[in-house]
Amino acid sequence: KKSFSSGLTAMEKKLAEYKCNTNEAIQLKLVRFPEDLEDDNTTFNPEYSHQLFGDDEVAFGYKGLKILLYYIAGNLSTLFRIEYASKVNEKFDCVEADDVENKIREIIPPGFCTNTDDFVSLLEKEVNFKPFGMLLHTYSVHNEEAGADITCQIYKADMTCPGFREYHERLQTFLMWFIETASFIDVDDERWNYFLVFEKYNKDGATLFATVGYMTVYNYYVYPDKTRPRVSQMLILPPFQGEGHGAQLLETVHRYYMSSPTVLDITAEDPSENYVKLRDFVLVKLCQDLLCFSPGKLMQGFSQEMVMEAQQKLKVNKHHTRRVYEILRLRATDMGDAEQSRSYRLDIKRRLIGPYKKKQRELAKMRRCLRPEELTNQLNQIDLNMQHEQLEESFQQLVSDYRRVLERLAQA
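All values reported here derive from a predicted model rather than from experimental measurement.

It is the contact of helix α13 (residues 338-369) with helix α15 (residues 388-411), at a shortest axis distance of 10 Å, that shows an interaxial angle of 120°. By the angle class used here, α13 and α15 are oblique. The two elements α13 and α15 cross, and the hand of that crossing is right-handed. Between α13 and α15, the residues in contact are Y344, R345, I348, K349, R351, L352, I353 and Y356 and Q390, L391, E392, S394, F395, Q396, L398, V399 and Y402, respectively. Along the lines of polarity and charge, the residues of the contact of α13 with α15 split into ten nonpolar, three polar and four charged.

Here is the structure:
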């Protein structure tokens, strides 16, 4: 019996060596020059791979697994290769390795290269790649490494642009690696708008374009003759994050819809924390010069006038206007002044406590119509333990988020 159990641990040990973390195994690159292929500094890894490899993000059956997904910087032509030091064998190890190749093939479109030579010869044709659609905005960002300003452009594209459908299929594969709950969209639905960010770069005296990121927006119909664009996905690719592209993109998209008389206001689907911070910054930047947000009016509290003006002029919806108001009011408030600071705190906490008050009203209603035993069930579901500490904590968290937005605004 003893020999059996020690044999098992040896086997287990052996099999454990054949487990690889897929976030580390997957190596992504955006290639501009042939030498990028050998340069580890141009490699980046996914934040997520659970959609393909399960919650523990592990591939079984390989030692030293590398899943190479290299993209040409502009049109995103793809090189896909799998490398490993060794693989378990059904005959000897009686276990089967995960079919990594097919998992990846599920999300990348066909027509990719499998060897480096083909990929490098495609790279030479990259000089012919031009952005899709209509140019909306040109801006420059300062690049620390290059020690220079780099020119970027934002385009609005749609499926009628030649080659865009295929390009978009390659582009959207990045969602799987960087958005936790990503899904691919139905590109045949004409209500999708696509906004793309490109960076210009030089290669042998020619100007080329590299893909930086993109945003998809869905136009919901609002009776009788309006639309309500909803931001669905937004991704700035990791090599470009932290350079201010997200704010440029969101502001450009906002301005694009602002100019349309049929747009009611703009919303977002299930926004991440980072997106909310970005949106706070962009909307405050857009709204700060509206008359309704003058310091005198901010001190009088949130008003219907703010809701109307922000929606009509800037297509900002009521919920977001309220946040803009709170941030701008913080800027106008002297938090060292006891009276001003108390007034600000009460104003925010009154909003924060709203949902809890609503629950209490619902409870009071239930008390009138439910039998006691039903009520205890309901009460267990609705935890009314809204302590002052909790409220204070939410308030402090908000204020620190708002201060960050104001700091960024001061630097802009």
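From this point, the discussion proceeds with the structure in view.
Compared with an ideal rise of 1.5 Å per residue, which puts 32 residues at 46 Å, α13 spans 45 Å between its outermost C-alpha atoms and is within 8% of the ideal. Along α13, the sharpest change in direction is near 40° and occurs at G354; proline P355 comes one to four residues later. Buried within α13 we find S341, Y344, D347, I348, K349, L352, L363 and M366. Near the N-terminus of α13, the side chain that reaches the backbone nitrogen of E339, with its oxygen 2.9 Å away, is that of D337.

Moving on: the environment of A410. Assignment of secondary structure puts A410 in helix α15. Residues A410 and K285, 125 residues apart in the sequence, show an inter-C-alpha distance of 10.0 Å.

Moving on, we get to the sheet that holds strand β12 (residues 206-222). Pairing in this open sheet of six strands is mixed, and the strands run β9-β10-β11-β12-β13-β14 from one edge to the other. With one partner strand each, in any of the chains shown, β9 (134-143) and β14 (267-268) form the two edges of the open sheet. Direction of pairing for strand β13 (residues 226-236) relative to β14: parallel, over a ladder of two bridges. In the sheet register, V231 faces β14, and the bridge partner there is A268.

As a further point, take the domain arrangement of the chain. Interfaces are often described in size by the accessible area the parts lose on coming together. Parsing the chain into structural domains produces domain 1 (13-126), domain 2 (131-270) and domain 3 (292-411). Computed over C-alpha atoms only, the centres of domain 1 and domain 2 are separated by 26 Å. A per-residue breakdown of the area domain 1 buries against domain 2 is headed by R32, Y48 and I107, which together make up 27% of the total. Joining domain 1 to domain 2, the criterion identifies one salt bridge. For R32, the salt bridge is made with E199, and the minimal N-O distance between the two is 2.9 Å. Applying the counting rule to domain 1 against domain 2 returns eleven residue pairs in polar contact (both at pLDDT 80 or more). Only β2 (26-31), α3 (50-53), β6 (66-72) and α5 (100-107) provide two or more residues apiece to the side of domain 1 that touches domain 2.

This next bit is on a positive patch on the surface. Among the surface-exposed residues, R350, K357, K358, R361, K365 and R368 lie close enough to one another that they form a single positively charged patch. As for its placement among the helices and strands, R350 is situated in helix α13.

Attention now moves to the packing of aromatic side chains. Scanning all chains against the criterion turns up 21 aromatic pairs. The interplanar angle of 65° and the centroid separation of 4.9 Å between the aromatic rings of W192 and Y218 together place this pair among those described as edge-to-face. Linking W192 in strand β11 (residues 192-203) with Y218 in strand β12, this pair joins segments that are 26 residues apart in sequence. Using a relative accessible area of 12% as the deciding quantity, one classes W192 as buried. Exposure remark for Y218: the relative accessible area of 10% places this residue in the buried category.

So, how was this worked out
Residues numbered from 1 in each chain as written. Predicted model: local features only at pLDDT ≥ 70, side-chain atom pairs only at ≥ 80, totals over all residues. Heavy atoms only, no water. Axes fitted to C-alpha atoms, helices over the stretch in contact; angles between N-to-C directions. Helix = DSSP H or I, 4+ residues; strand = E, 2+ residues; numbered from the N terminus. Parallel < 35°, antiparallel > 145°, perpendicular 65-115°, else oblique. Left-handed = near helix turned anticlockwise from the far one by under 90°. Contact = heavy atoms within 4.5 Å. Nonpolar A, V, L, I, M, F, W, Y, C, P; charged D, E, K, R; others polar. Expected span 1.5 Å × (residues − 1). Bend = angle between axes of the 7 residues up to and from the residue. Buried < 20%, exposed > 50% of the residue type's maximum accessible area, 1.4 Å probe, protein only. Polar contact = N/O pair within 3.5 Å; in protein donor to acceptor, adjacent residues only side chain to side chain. Pairing = 2+ DSSP bridges. Domains from an automatic or database assignment. Buried area = accessible area lost by both parts, 1.4 Å probe. Salt bridge = Lys/Arg side-chain N within 4 Å of Asp/Glu carboxyl O. Patch = residues over 30% accessible without salt bridge, like charges linked within 9 Å, V, L, I, M, F, W, Y side chains within 5 Å. Areas by Shrake-Rupley, 256 points an atom, 1.4 Å probe, with all protein chains shown as cover. Lys, Arg positive; Asp, Glu negative; His and termini not counted. Charge placed at Lys NZ, Arg CZ, Asp CG, Glu CD. Phe/Tyr/Trp six-rings, centres within 6.5 Å; stacked < 30°, edge-to-face > 60°.

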